[in-house]
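# Structure at a glance
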Amino acid sequence: HEHLNFHKTMNNYMNAKAILFKQTKKDGYSIINIDDEYAKKIANKSNGKVLYYGQNENADFRFFDVVLNQNYSSFKLENKGIIYDIETCLLGMFNVYNLTAALSILILMGYNINELSIPLKQLNIDGRMTNIDFGQDFKVIVDYAHTPNGYLKLFELTKNLGAKRTIVVAGSAGERDAKKRPVMGEILVTNADYVIFTYEDPRTEDPNDIIEQMISTVKDKSEKYEKVIDRHLAIERAINIAKKGDMVLILGKGNENYETIGKEKIYFNDVEEAENALKKLLAQKVKE
């Protein structure tokens, strides 16, 4: 959805993506997610040999026996009768797909993925399910999710992590597809216990207007959310109201180090803001 302000329709967006696969050399490969609804359309536009990855039994690189929990993801990956046991600290089904795509390429290139120089258990992606742990009795996670689909995939994961309450900090980018805003707001309020709506790269739009669009279909659930326009204060607020066993999700920016307000870029980093808010909270508790 974040690109529909430019592409207008999903079909246009698919055709734009297909340009990449059209450029594949005749003796090259296009490796496509077989479980995606556009897989066949992309394959039909691809040059070279098409290979598929995913859960479908017809995938050339098929993953199965997936285990997802709050500390790691594990699964089996099969190609040409060879089965690899994969375990990674990357969390969630979306990361199983992403990792399978990457490993498929390595296998195709002839690498033995059981002998990688960087063990898969040590893989870390800044801003993707980044866990901020200063010894507090609740979880704080920073993630880049900023679209309806991104939210849904994230909640599929977090609902299995056993948090007492899920508190979310989120907004929507200015000068981008506005049609997704009510959808995003409804997904957040429906799936989280409490949402703090804030700015997220408002650009030249008024962040109040953006948030009003996000909450337009959930006005009857006002007890489940609040508005804190300043993102710094919103993150601090979420961490201050979290209790033992809760989970705070700070969504939208990941590890980006800026916010665009008006036409000016200012330094801002969600991970650092969360760390500073936690340090402040824990220091106060020590004094008490």
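The structure we're discussing is the one just above.
Cut-offs used in this document
Residues numbered from 1 in each chain as written. Predicted model: local features only at pLDDT ≥ 70, side-chain atom pairs only at ≥ 80, totals over all residues. Heavy atoms only, no water. Phe/Tyr/Trp six-rings, centres within 6.5 Å; stacked < 30°, edge-to-face > 60°. Helix = DSSP H or I, 4+ residues; strand = E, 2+ residues; numbered from the N terminus. Buried < 20%, exposed > 50% of the residue type's maximum accessible area, 1.4 Å probe, protein only. Lys NZ or Arg CZ within 6 Å of the ring centre and 35° of its normal. Pairing = 2+ DSSP bridges.

Evaluation of the coordinates by the stated rule reveals three aromatic pairs. Here Phe 197 and Tyr 225 contribute two aromatic rings whose centre-to-centre distance is 5.7 Å and whose plane-to-plane angle is 80°, an arrangement assigned as edge-to-face. Taken together, the positions of Phe 197 in strand S9 (residues 194-197) and Tyr 225 in strand S10 (residues 225-227) put the pair 28 residues apart, joining distant regions of the chain. By relative accessible area, Phe 197 is classed as buried at 0%. Using a relative accessible area of 10% as the deciding quantity, one classes Tyr 225 as buried. Through successive ring pairs, a cluster of aromatic residues spans Phe 63, Phe 75 and Tyr 97. Taking the ring centre of Tyr 258 as reference, the NZ or CZ of Lys 253 above it sits at 4.2 Å. Geometry around Tyr 258 places Lys 265 over its ring, the cationic atom sitting 4.3 Å from the centre.

For the rest of this paragraph, the subject is the pairing of strand S8 (residues 166-170). Burial of S8 is extensive: five of the five residues sit out of reach of the surface. Burial along S8 is two-sided: the face carrying Thr 166, Val 168 and Ala 170 and the face carrying Ile 167 and Val 169 are both buried. Bridging between S8 and strand S11 (residues 247-251) involves four bridges; their strand directions are parallel. Residue pairing for S11: Val 168 is matched across the bridge by Leu 249. Where S8 lies against S9, four bridges are found, and the strand directions are parallel.

Shape descriptors only; they carry no functional weight alone.
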